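Coordinate inspection notes
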Amino acid sequence: MFLVKFLRWIYGYFEFCINGRFPERFLNLAARNGLVIWDSSGTKETLRAKARSSDKNNIYLFAQKSENNVTIIKNYGLPYLCSIYKNRAGLFCGMILGCILCCYLSGYIWTIKINSPKGINSYEIREELRQLGFYEGIRFSQKEVNRVEHSIKIQDKRISWLNINIFGTNAVVEISATSGKVKMAEENKNIGNLKSTADGTITKINVRKGNSTVHVGDGITKGQLLVSGTTEYSDGTTLISDSDGEIYAKTSRTVVLHMNKTYDRIKFTENSLSKKEINFFGISIPITFCGNPENNYCKTVIRQRAVFLQQELPITVTEEKWLHYNIIPTNISKEFAKQQLQKRLQLYEVFLLCSNDKTILAKNISFDENKNDYVLTANYIIEENVCEKSYVRIKES
Amino acid sequence: MKTESSHKLKEKYTINTHNINMIINFNREVIFEGCKGVVEYTDNSIKLNTGKFLVAFNGRGLHIQCMNESNIVIVGFITSIEYIM
């Protein structure tokens, strides 16, 4: 029904009134001659109805034949509207210009939506796309889109696949991140020796596989063979197998922590500057007229996009806030430095002892002061497992 | 005349005599096929010529929604249908 009404509106129609002794005659004449009449309502000697604008002459003719008078009550539809405004050439020019402008602007990209996966910031991608020449307000070209897709894949190693889908004037960027590093093919880990990771004195030996080459109380150096996977028999044959076990040794370790006597503290002042601009269909219009301040200013940028019915519009308000700061050299007291360095040392011990096979046997802490910094030196004696697997490469000949 | 008693709200009657079809939707609308002309057209009564007899629709607020050479749609509150031979 809507379509019928719409078509009637497009072609135009009018409402008329028939006055006379026999309006029924007019109806019959009209029906026999194929005139379409609708919404008729009749009282005695009066009939109101609607008909197409193109049938107006016939209506007059049949009304005359049936000895009735016709009165046009109202005209409806597009032709009627056009006839009202036919003298206003500017209106039609505006319509045509509007259509041309609409067609022209629809060739541009006005919004870019980035669907980035976890771990990739959409702001970074937007900036990378901008550097490659793909931003709001550029003219759409499939060739250009392909180039950008290709370039960004090469430029950003985090991206394994990127696709730019164009929907009208909207560009939707779909990104797929690269998976983790591909593991190298595993080595043959069946045969290997155990080597020392630090200098020290052996306190405990627990060998499950292989032949131990050291004894309790022996001094060892870093990289020394501790457990061998090869066994030589008296008949001259050699068996090569894996080695496994733990060898504990007393090792010493020295940690030196430094802290400068002075440091630069950044203090923000109340001086600040705000710059705003509107980006409208790719054109930047500054609202605040001032230059960028120099020295000791840092800026934050806030970009807000206009949204209408969950659809981003090509209107962006950019606000730059410039905050002034002073660099104040600050001296650190000896007590404060000692406290801070001890806290750092405690943290170090927590990480040092987080593996179960390490025990601190003794420690000696000394705190000194140099010309420029404070120094905290800690000497540790630790009992730890010093074994490290070293795989043997066997080449067949 | 056939009556479909299952339709309580929308009763439908069909008459088929000498290429005349009449579909009545309850008492609100009549689709008439085989009409040869309108004899009388007022707010309370519409009389149609079928060639062999006249059919009069009586009621309130009756009007012709649309019509062409042989078909006519009458809308309104129909209280009676009369056949005038």
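Preceding this section is the structure that the text describes.
**Details of the overall build of chain A**
- Helix and strand counts for chain A stand at 8 helices and 22 strands.
- By residue count, 16% of the 397 residues in chain A fall in the buried class.
- Nonlocal contacts in chain A, meaning residues at least 24 apart in sequence, comprise 67% of its contacts between residues at least 6 apart.

**A word on the overall build of chain B**
- Each helix and strand in chain B was counted, giving 0 helices and 8 strands.
- The helix and strand sequence of chain B, counted from the amino end, reads β-β-β-β-β-β-β-β.
- Expressed as a percentage of its 85 residues, the buried residues of chain B come to 24%.
- Contacts in chain B between residues far apart in sequence, at least 24 positions, make up 29% of those at least 6 positions apart.

**What about the interface of chain B and chain A?**
- Facing the 14 residues of chain B at the interface are 17 residues of chain A.
- If you list the elements that add at least two residues to the side of chain B that touches chain A, you get strand 5 (37-41) and strand 7 (54-67) of chain B.
- Its residues placed into classes, the side of chain B that touches chain A shows 6 nonpolar, 5 polar and 3 charged.

**Topic: the pairing of strand 7 of chain B**
- Judged from the 2 bridges that link them, strand 2 (residues 37-43) of chain A and strand 7 of chain B form a sheet pairing that is antiparallel. Looking at the pairing, Ile37(A) lines up with Met67(B) of strand 7 of chain B.
- The turn joining strand 6 (residues 45-49) of chain B and strand 7 of chain B, which pair antiparallel and follow one another in sequence, is formed by 4 residues; a positive phi near 105° is taken by Gly51(B).
- With 11 bridges connecting them, strand 7 of chain B and strand 8 (residues 71-84) of chain B associate as antiparallel partners. Looking across to strand 8 of chain B, one finds that Ile64(B) is bridged to Ile74(B).
- Remark: 3 residues form the turn of the hairpin made by strand 7 of chain B and strand 8 of chain B, two consecutive strands paired antiparallel.

**Comments concerning the sheet that holds strand 6 (residues 159-167) of chain A**
All names here are of chain A.
- With mixed pairing, the 3 strands of this open sheet are ordered in space as 5-7-6. Because the sheet does not close on itself, it has two edges, and the strands there are strand 5 (111-115) and strand 6. Along the sheet, successive strands turn relative to each other by an average axial angle of 20°, direction set aside.
- Both strand 5 and strand 7 (residues 170-177) contribute to a ladder of 5 bridges, which runs parallel. Paired with lysine 113 across the strands is valine 172, a residue of strand 7.
- Where helix 6 (residues 122-131) meets the sheet, it contacts strand 5 and strand 7, and its direction lies at approximately 135° from that of strand 5.

**Things to note about the sheet that holds strand 17 (residues 283-286) of chain A**
Residue and element names in this part refer to chain A.
- Pairing is antiparallel in the open sheet, where 4 strands are placed in the order 17-16-19-18. The open sheet is flanked by strand 17 and strand 18 (297-308), the only strands paired with a single partner. Averaged over all adjacent pairs, the angle separating strand axes in this sheet is 35°, with direction ignored.
- Bridge count between strand 16 (residues 262-280) and strand 17: 4 bridges; the pairing is antiparallel. In the sheet register, isoleucine 278 faces strand 17, and the bridge partner there is isoleucine 285.

**Section: the nonpolar core**
- Residues Leu27(A) and Ile74(B) are the most contacted members of the largest nonpolar core, which totals 32 residues.
- Looking at this core element by element, the count peaks at 5 residues for strand 7 of chain B.
- Residues contacting Leu27(A), with those up to four places away along its chain left out, are Leu47(A), Val38(B), Tyr41(B) and Met67(B).

**Quick look at unusual backbone geometry**
- Positive phi is not limited to glycine here, since Glu67(A) has a value of about 60°.
- Positionally, Glu67(A) belongs in the loop between helix 3 (56-65) and strand 4 (68-76).
- Phi is positive for Phe26(B), close to 50°, though the residue is something other than glycine.
- When you line up the elements, Phe26(B) lands in the loop between strand 3 (21-25) and strand 4 (29-33).
- The class of Phe26(B) is exposed, set by 12 C-beta atoms lying within 10 Å.

**With respect to the pairing of strand 3 (residues 46-52) of chain A**
All names here are of chain A.
- For strand 1 (residues 13-20) and strand 3, the ladder comprises 7 bridges, and the chain directions are antiparallel. If you follow tyrosine 13 over to strand 3, its bridge partner there is arginine 52.
- Bridging between strand 2 and strand 3 involves 5 bridges; their strand directions are antiparallel. Paired with threonine 43 across the bridge in strand 3 is threonine 46.
- The turn joining strand 2 and strand 3, which pair antiparallel and follow one another in sequence, is formed by 2 residues; a positive phi near 70° is taken by glutamate 45.

**Examining the environment of Glu15(A)**
Residue and element names in this part refer to chain A.
- Here glutamate 15 is to be found in strand 1.
- Glutamate 15 sits in the partly exposed class, given 15 other C-beta atoms within 10 Å.
- For the pair glutamate 15 and threonine 71, spaced 56 residues apart in the sequence, the C-alpha separation amounts to 8.8 Å.
- Setting aside anything within four residues of it in sequence, one finds glutamate 15 in contact with Arg48, Lys50, Ile73 and Lys74.

Rules of the game
Residues numbered from 1 in each chain as written. Chains lettered and ligands numbered in written order. Predicted model: local features only at pLDDT ≥ 70, side-chain atom pairs only at ≥ 80, totals over all residues. Helix = DSSP H or I, 4+ residues; strand = E, 2+ residues; numbered from the N terminus. Buried ≥ 20, exposed ≤ 12 C-beta atoms within 10 Å, placed from the backbone. Contact = placed C-beta atoms within 7 Å. Nonpolar A, V, L, I, M, F, W, Y, C, P; charged D, E, K, R; others polar. Pairing = 2+ DSSP bridges. Axes fitted to C-alpha atoms, helices over the stretch in contact; angles between N-to-C directions. Core = buried A, V, L, I, M, F, W, Y, C linked by C-beta atoms within 7 Å.

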